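Structure assessment
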Amino acid sequence: MFTGIVEELGEVVRVTDTGGDSALVAVRGPLVTSDARHGDSIAVNGVCLTVVDVEEGVFTADVMGETLRRSALGALRVGDPVNLERAAALNSRLGGHIVQGHVDGVGEIVAREPAAQWETVRFRLPADLARYVVEKGSITIDGVSLTVAAVGDDWFAVGLIPTTLKLTTLGAKGVGEPVNLEVDVLAKYVERLLGDRLAGGGLPGAPAGGGR
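Residues numbered from 1 in each chain as written. Predicted model: local features only at pLDDT ≥ 70, side-chain atom pairs only at ≥ 80, totals over all residues. Heavy atoms only, no water.

**Focus: the sheet that holds strand 10 (residues 144–151)**
Around the barrel, six strands lie side by side as 7-8-11-10-9-12; this closed barrel has antiparallel pairing. For this sheet the average axis-to-axis angle between neighbouring strands, irrespective of direction, equals 45 degrees. Bridge analysis of strand 8 (residues 119–124) against strand 11 (residues 155–160) gives six bridges, and the strand direction is antiparallel. Opposite Glu119, over in strand 11, you have Leu160 as the bridge partner. (Pairing = 2+ DSSP bridges. Helix = DSSP H or I, 4+ residues; strand = E, 2+ residues; numbered from the N terminus. Axes fitted to C-alpha atoms, helices over the stretch in contact; angles between N-to-C directions.)

This is the structure we're talking about:
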């Protein structure tokens, strides 16, 4: 479990094709590796990966084929910057929102509009995710917890403050580049619960008739 508050901007130092539709990715991140051990979870651009090795500020993680297909990690190259966050501790503050590190789909930057103190960035999103994105709701973009500023049929926009522009990959990504998207898991649970109740003929405990 994560919060979407990026701790460190890391760097990909090695990508090794291990065959069988998988890869081994090595990432430099002195902060997130300071207490990392084998088996720990670290989010890389919003994707929860399991640490298999740590050495001199670099951690290595296996990336399976399913992850490569459903996220933008398959496009990573040596030297690419990546957003890093360690799994949340039970005694830490929830600065962003509940983030699982399970990418729902890949979006694309379609426009950037700089302003005096922030920048508005518009993203295209997969059609099957549009129903989970609402104005003022939460969304995770490349592991960054953000608030939706505006929505359309196949797009949404967020406002990025100077800190986010400086300390995450979102400040340097250009139009046309892919991003990992994770919608708010609470929205998916609500949809499932309401769907089950409606399919069953109504809400539990509701009266059968409309009269007194």
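**Some details on the confidence of the model for the chain**
Interpretation of the predicted coordinates at a detailed level should be avoided for regions scoring low in pLDDT. Confidence in the prediction for the chain averages 90 pLDDT; 92% of positions are at 70 or higher. Predicted confidence is poor over residues 203–212, with pLDDT under 50, and the contacts of this stretch with residues over four places away or in other chains come to two contacts. (pLDDT = per-residue confidence, 0-100. Contact = heavy atoms within 4.5 Å.)

**Things to note about a nonpolar patch on the surface**
Together, Met1, Leu94 and Ile98 make up a nonpolar patch on the protein surface, roughly 290 Å² of accessible area in all. Mapped onto the elements, Met1 comes out in the segment before strand 1 (8–17). (Patch = residues over 30% accessible without salt bridge, like charges linked within 9 Å, V, L, I, M, F, W, Y side chains within 5 Å. Areas by Shrake-Rupley, 256 points an atom, 1.4 Å probe, with all protein chains shown as cover. Salt bridge = Lys/Arg side-chain N within 4 Å of Asp/Glu carboxyl O.)

**A closer look at the pairing of strand 2 (residues 23–28)**
Bridge analysis of strand 1 against strand 2 gives six bridges, and the strand direction is antiparallel. By the bridge assignment for strand 2, Val15 is matched with Val25. Remark: five residues form the turn of the hairpin made by strand 1 and strand 2, two consecutive strands paired antiparallel; Gly19 in that turn has positive phi of roughly 80 degrees. Sheet topology note: the strand 2/strand 5 (residues 58–63) ladder contains six bridges and is antiparallel. Looking at the pairing, Val25 lines up with Ala61 of strand 5.

**With respect to the pattern of salt bridges**
Here the structure, examined in full by the defined rule, presents 11 salt bridges. In this structure, Glu66 and Arg69 form a salt bridge, with 3.4 Å as the shortest nitrogen-oxygen distance. Here the residue Glu66 and the residue Arg69 both occupy positions in helix 1 (residues 65–70), the gap between them amounting to three residues, near one helical turn. Residue class for Arg69 comes out exposed when judged on its relative accessible area of 55%. When the shortest N-O distance is used, the salt bridge between Arg131 and Glu191 registers 2.5 Å. (Buried < 20%, exposed > 50% of the residue type's maximum accessible area, 1.4 Å probe, protein only.)

**Digging into the side chain of His97**
Structurally, His97 can be placed in the loop between strand 6 (81–86) and strand 7 (105–114). Residue classification places His97 among the buried positions, given a relative accessible area of 8%. When near neighbours in sequence (up to four residues on either side) are disregarded, His97 contacts Phe2, Thr3, Gly4, Ser138, Ile139, Thr140, Ser145 and Asp184.

**A short note on the sheet that holds strand 6**
In space, the six strands of this closed barrel follow the order 1-2-5-4-3-6, with antiparallel pairing throughout. Neighbour to neighbour, the strand axes of the sheet diverge by 45 degrees on average, direction disregarded.

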